[in-house]
Every structure is written in structure tokens, then in C-alpha cells.
Amino acid sequence: MRIRHRALVLRQTGANHQSVAQRSGQSIVGKSQSRSVVLEMVDNTICAQADLDTAPSGKQRILAEAHMRFTRRGYADVSMQEIAAAAGLTKAAVYYHFESKEHLFSEVFLEEMSRICLAISQFLVEQTSLERHLEQIARHLLTSGSEGFGRLSEDLDRYLTPESRSALIDRVPHPFLAIRPVFERARCAVEIGPVNLD
């Protein structure tokens, strides 16, 4: 916004120079007009760039469309062409970001696990009993579209190669890492008996 204002001020300044030059008998109308056109082009470019900065990137749109389709219909029923069309991109653009359908599915699964872990960690901020924490987590999982995660988990086992599964599992944040501190506090408070958390 500040840059756009500056461009408009400069354009007005160019017009003032033209008026002064005309009064003094100089002929620089062409230069002033050129300067005004250039500054208008700069202003339009800045506005377009601002729109691009606030719009979701192509990769984000692909992930969003793939997530919706994989969780609703499953891996086998969704094509890369369909995802590309839904994201408003070419199929080649999808393959630019994701080398294969397996790769795209893996990234969708990773994002879903990260979302679940973040939600769980937010519940655990409150200092309360282990039972209360587990109730909150269970309620969240039952009411937040966890059937989508269930479908992703099924398709992970059914369609991904063992190598892809293994590589993905190494990257996935494990929900128990978020819950573990709560179990440690419960063990110290003797809410639960001695238990191996490893």
C-alpha cells in the first residue's frame, strides 16, 4: 500500500513537471507522458504482486484438493488429472511439485498427522487429570472428521509400497510424543501405576 501511494505521488509529480515545462515554452510532453505510463505500469505490477502474495500457492491448492479427494473417496478413485483440474493447474504442474501420486498422498498423510498432533498438544496445555485429557482427545478425534484419517491410514497400508511406507513413517510426527508428558505427570501424581512409556 505504501509503495502504491509512492508511485501515484511520482505520477502526479511528473504531471506537475509537464505543466511547468509548458509554461516555460519547453516541449517535453512526450517524456512526461512516458514517465506517467511507466509509473502506471509499475503501480499495476505492484498490485498484481500483492494479489499473488496473498493467494494460495499452486502447491497449497494441490494439497488441499488432494486431501479432500483422498479422504472422501480414497487413493484408488482419484487421479492426478482430476486433482490438477480442481486446483486450476495442468497435470505437468502437479508433477513439478510431486513426482508421483504416492509422493502426493504421502504429503497429504503427513499434513493430516501434523494437524492431529497440533490439536492434541493444544488440549494438553490445561493442567488437569489424565482421565480428563483422554476424554478431550477422544471427543476431538470422534467429532473432527477422523474418518478421513481412517481412510488415509487404510490406503497407506493398501497402496503404498513398503519402501514408501517406511520412509513416510520415519517423517510422521507421532501423537504419543504429544501425549507422553501427560502420562509422565500422571505417573508422578500416582494417577496411574508404574508403566513403561517407551
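Every value quoted in this text rests on a predicted model; they were computed, and no experiment measured them.

Peer 1: What is the right way to look at helix α4 (residues 80-87) in this model?
Peer 2: An α-helix turns once every 3.6 residues. As a result, residues three or four positions apart point the same way. For α4, every residue scored as buried is listed here: M80, I83, A84 and A87. One side of α4 carries all its buried residues, which in axial view fall inside an arc of 100°. Contacts from the buried residues of α4 go to α3 (58-73), α5 (91-97) and α6 (101-123). Following α4 by one or two positions, G88 has its phi on the positive side, about 75°.

Peer 1: For this particular structure, what's the right way to read the environment of S153?
Peer 2: If you trace the backbone, S153 turns up in helix α8 (residues 146-159). Each C-alpha atom, one on S153 and one on T71, is 9.8 Å from the other, the two residues being 82 residues apart in sequence.

Peer 1: Where do I start with the environment of R61 in this structure?
Peer 2: One can find R61 in helix α3. The sequence separation of R61 and I83 amounts to 22 residues, and the corresponding C-alpha distance is 9.2 Å. For R61, the residues in contact, after removing those within four places along its chain, are P56, A87, G88 and L89.

Peer 1: Looking at this model, I keep getting lost on the environment of P173. Mind explaining?
Peer 2: On the secondary structure map, P173 appears in the loop between α9 (162-171) and α10 (175-188). Along the sequence, P173 and C117 sit 56 residues apart, while their C-alpha atoms lie 7.2 Å from each other.

Peer 1: Quick question: what am I supposed to make of the packing of α6 against helix α7 (residues 130-143) here?
Peer 2: Where α6 contacts α7, the two axes come as close as 10 Å, and the packing angle between them is 145°. In terms of crossing hand, the pair formed by α6 and α7 is right-handed. Contact with α6, carried on its side by I116, A119, I120 and F123, involves H133, Q136, I137, H140 and L141 of α7 and no other residues of that element. Residues of the contact of α6 with α7, tallied by class, amount to six nonpolar, three polar and no charged.

Peer 1: Please explain the packing of aromatic side chains as it appears in this structure.
Peer 2: Here a ring pair, both rings aromatic, is described through the centre-centre distance and the interplanar angle of the planes. One pass over the full model with this rule turns up five aromatic pairs. Taking 5.8 Å as the distance between ring centres and 20° as the angle between the ring planes, the aromatic pair formed by F70 and Y75 counts as stacked. You can call F70 buried: its relative accessible area is 0%. Considering the side-chain rings of Y75 and Y159, the 5.3 Å spacing of their centres and the 20° angle between planes classify their relative orientation as stacked. Note that Y75 is positioned in the loop between α3 and α4 and Y159 in helix α8, a separation of 84 residues in sequence. Residue class for Y75 comes out buried when judged on its relative accessible area of 10%.

Reading the values: the criteria
- Residues numbered from 1 in each chain as written.
- Predicted model: local features only at pLDDT ≥ 70, side-chain atom pairs only at ≥ 80, totals over all residues.
- Heavy atoms only, no water.
- Buried < 20%, exposed > 50% of the residue type's maximum accessible area, 1.4 Å probe, protein only.
- Helix = DSSP H or I, 4+ residues; strand = E, 2+ residues; numbered from the N terminus.
- Arc of directions from axis to C-beta.
- Contact = heavy atoms within 4.5 Å.
- Axes fitted to C-alpha atoms, helices over the stretch in contact; angles between N-to-C directions.
- Left-handed = near helix turned anticlockwise from the far one by under 90°.
- Nonpolar A, V, L, I, M, F, W, Y, C, P; charged D, E, K, R; others polar.
- Phe/Tyr/Trp six-rings, centres within 6.5 Å; stacked < 30°, edge-to-face > 60°.

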